[in-house]
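Each chain, letter by letter, is given below.
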Amino acid sequence: MADGITKSMSIGEVVQKHPETIPVFMQHGLHCLGCAIASFESIEQGAQAHGIDADALVKGLNDAVAGTKGK
């Protein structure tokens with residue numbers, strides 16, 4: 001999955017390119033999508049700061065994006 005979401009991507013970049021991922025961030029407990037830090041903080045940094053499993057979050061984000069393709 002060359003164009004998939006990775007832990008090193010910024011939260012803001014992912015939300016901007018893939019708004020369908022917003023519920024996934026919320027379900028995993030990352031509710032600060034609109035804060036200034038989210039625009040440059042990586043998914044991994046945000047997950048660590050909030051005690052979230054970054055690998056599970058990234059899997060959920062990629063699943064959300066894959067589920068919307070072709071609709």
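Residues numbered from 1 in each chain as written. Predicted model: local features only at pLDDT ≥ 70, side-chain atom pairs only at ≥ 80, totals over all residues. Heavy atoms only, no water.

Q: Explain the overall build of the protein here, please?
A: What the protein contains, in helices and strands, is four helices and zero strands. Secondary structure elements of the protein, listed N to C terminal, follow the sequence α-α-α-α. Its C-alpha atoms give the protein a radius of gyration of 11 Å, near enough to 11 Å, the size a compact globule of 71 residues would have. With the C-alpha coordinates aligned to their principal axes, the bounding extent of the protein is approximately 35 × 20 × 20 Å. (Helix = DSSP H or I, 4+ residues; strand = E, 2+ residues; numbered from the N terminus. Rg over C-alpha atoms; globule rule 2.2 N^0.38 Å.)

Q: Please clarify how the nonpolar core should be interpreted in this entry.
A: Considering soluble globular proteins, one finds that nonpolar side chains tend to be buried as a cluster. The biggest cluster of nonpolar side chains holds 19 residues, and the ones touching the most others in it are I5, I11, F25, I43, L57 and L61. Looking at this core, the elements with two or more residues in it are α1 (11-17), α2 (22-27), α3 (43-49) and α4 (54-68). Tallying contributions element by element places α4 first for this core, with six residues. Among all residues touching F25, those that are not within four sequence positions of it are I11, V14, V15, L30, L33, I43, L57 and L61. (Core = buried A, V, L, I, M, F, W, Y, C linked by side-chain atoms within 4.5 Å. Buried < 20%, exposed > 50% of the residue type's maximum accessible area, 1.4 Å probe, protein only. Contact = heavy atoms within 4.5 Å.)

Q: Please clarify how the pattern of salt bridges should be interpreted in this entry.
A: When charged atoms on two side chains of opposite charge get close, those side chains can pair. Within this structure, the stated rule accounts for four salt bridges. A salt bridge links K17 to E13, with the nearest nitrogen and oxygen atoms 3.2 Å apart. With K17 and E13 both in helix α1, this residue pair falls four residues apart, about one helical turn. Classification of K17 as exposed rests on a relative accessible area of 53%. (Salt bridge = Lys/Arg side-chain N within 4 Å of Asp/Glu carboxyl O.)

Q: Just to check I follow, could you spell out the environment of I43 for this structure?
A: Tracing the sequence through the fold places I43 in helix α3. Residues I43 and V58 lie 15 residues apart in sequence; the distance between their C-alpha atoms is 7.9 Å. Beyond its immediate stretch of four places on either side in the chain, I43 contacts I5, T6, K7, M9, I11, V14, F25, L57, V58 and L61.

Q: Even after reading the chapter, I still don't get the side chain of S10, so can you show me in this structure?
A: Take S10: it is sitting in the segment before α1. Residue class for S10 comes out buried when judged on its relative accessible area of 12%. One polar contact links the side chain of S10 to the main-chain amide nitrogen of E13, over a distance of 2.9 Å. Among all residues touching S10, those that are not within four sequence positions of it are S39, F40, E41 and S42. (Polar contact = N/O pair within 3.5 Å; in protein donor to acceptor, adjacent residues only side chain to side chain.)

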